[in-house]
Amino acid sequence: MKFVDEFRDGELGRALAAEILDTLEPGRHYKLMEVCGGHTHSIYKYGVDDLLPANVELVHGPGCPVCVIPMGRVDDGIAIAHQPGVIFTCFGDMLRVPGSEGTLLDAKAAGADVRMVYSPLDALRIARENPDREVVFFAIGFETTAPSTALTLRRAREDGIANFSCICNHVLIVPPLRALLDSPDLRLDGFIGPGHVATVVGARPFRFIPDGYGKPVVIAGFEPLDLLQAVHMILRQLADGRCEVENQYTRVVPYEGNPRALEAMAEVFALRPHFEWRGLGFISQSALRLSDAYADFDAERRFAAPGVRVADPKACQCGEVLKGVIKPWECKVFGTACTPEHAIGTCMVSPEGACAAYYNYGRFAREREVV
């Protein structure tokens, strides 16, 4: 297939759904986790879950980078944004992520110079255009977006742009998955692997899941037929007694990943000993900082960020949603006190958040009859 409408063909979707039904073991309940928030939105936008049998359950994982940013990191960003002479830049979804006392949009309303950018290169351009101001980029994302930050910092050093710095919040996908698999309160039968992350790291890093935990993994694309095929491939592995990493997204994802992107990341970043994830607590070696070679571009050092840990709001259950323990509608504030316009938790803010997907596409059904 070459065109996007071919990946959304209803006839093929129904044919795949029939094949999935034929693969199931009678009386067995299957629980599969789609790791990436982009998958969650595609599933509910296109009604993929409605094509699946009732005993095939999809649960959301911790693959939304905005969702896992803890409140303390947001507070660090707001504190830096209020520094005199600072132009603070970030992606649009970060503007509405709540800290302990407001959002970056609130900081902007209070007088801070906070600007939305579409890439770190936009932030670097602003630094060039404002040599008398300090420009800070709030970098977030899994391995998907880390290479663009790395290449931007490379260019800043090559061009001698000294008024540019970065507060690094890039996180890694393997450590939280390992933490989930070690959790006693979650039973999973397989994983739909994150297609975007895998374009950078490849399929190889996910081998620890079948090798160490006996769960199949299928790296998947983001169109409805991609996801249906990935579900079928996982169920086929389970039916055949196999357990491996398969790559459904071969048109984009190389098995070994993108070597040039990985090289740039290795030069610019180093592992943090530990990092706090919203709702998940501290996970060892799960995030990146700037390497010593790029320490001059580290906004946390340049501006002495407060670095205070802030507890999540008691009413917010983003942590349970991110771990797949509950569905978004099971959160007691979902759709009432917490909406996209007035979010309490990050899962309702991000365009990849599970709560936003359920809210935007009306997935409120609490029970489906198993036949």
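Everything in this summary refers to the structure shown in the same document. (Residues numbered from 1 in each chain as written. Predicted model: local features only at pLDDT ≥ 70, side-chain atom pairs only at ≥ 80, totals over all residues. Heavy atoms only, no water.)

## Comments concerning the overall build of the protein
Then comes step 1: Assigned secondary structure in the protein consists of 15 helices and 13 strands.
Then comes step 2: By its C-alpha atoms, the protein is 65 × 45 × 40 Å across when sized along the principal axes.
Then comes step 3: Taken across its 371 residues, the protein has 58% of its residues classed as buried.
Then comes step 4: Contacts in the protein between residues at least 24 apart in sequence constitute 78% of all its contacts with a sequence separation of at least 6.
Then comes step 5: As displayed, the protein offers around 15800 Å² of accessible surface, 51% of which is attributable to carbon and sulfur atoms.
Then comes step 6: Positive and negative charge centroids in the protein, built from 38 and 48 side chains respectively, lie 2 Å apart. (Helix = DSSP H or I, 4+ residues; strand = E, 2+ residues; numbered from the N terminus. Buried < 20%, exposed > 50% of the residue type's maximum accessible area, 1.4 Å probe, protein only. Contact = heavy atoms within 4.5 Å. Areas by Shrake-Rupley, 256 points an atom, 1.4 Å probe, with all protein chains shown as cover. Lys, Arg positive; Asp, Glu negative; His and termini not counted. Charge placed at Lys NZ, Arg CZ, Asp CG, Glu CD.)

## Regarding empty space enclosed by the protein
Then comes step 1: This model, assessed by the stated rule, comprises one cavity of 30 Å³ or more.
Then comes step 2: Computed from the structure, the largest cavity encloses a volume of approximately 90 Å³.
Then comes step 3: As for the largest cavity, its lining consists of Cys316, Gln317, Cys318, Val321, Cys331, Val333, Phe334, Cys338, Ile344, Gly345, Met348 and Cys355.
Then comes step 4: Residues belonging to the lining of the largest cavity are distributed by class as follows: ten nonpolar, two polar and no charged. (1 Å grid on protein atoms, 1.4 Å probe; cavity = no way out; pocket = protein on both sides within 12 Å on 5 of 7 lines; lining within 4 Å. Points joined across faces, edges and corners; volume = space filled by probe spheres on them. Nonpolar A, V, L, I, M, F, W, Y, C, P; charged D, E, K, R; others polar.)

## Re the environment of Asp75
Then comes step 1: Structurally, the position occupied by Asp75 is in helix α4 (residues 71-81).
Then comes step 2: Taking relative accessible area as the criterion, Asp75 reaches 19% and is therefore assigned buried.
Then comes step 3: Taking C-alpha positions, Asp75 is 23 Å from Val333, a pair spaced 258 residues apart along the chain.
Then comes step 4: Look past the residues within four positions of Asp75 in its chain and what remains in contact with it is Gly99, Ser100, Glu101 and Val310.

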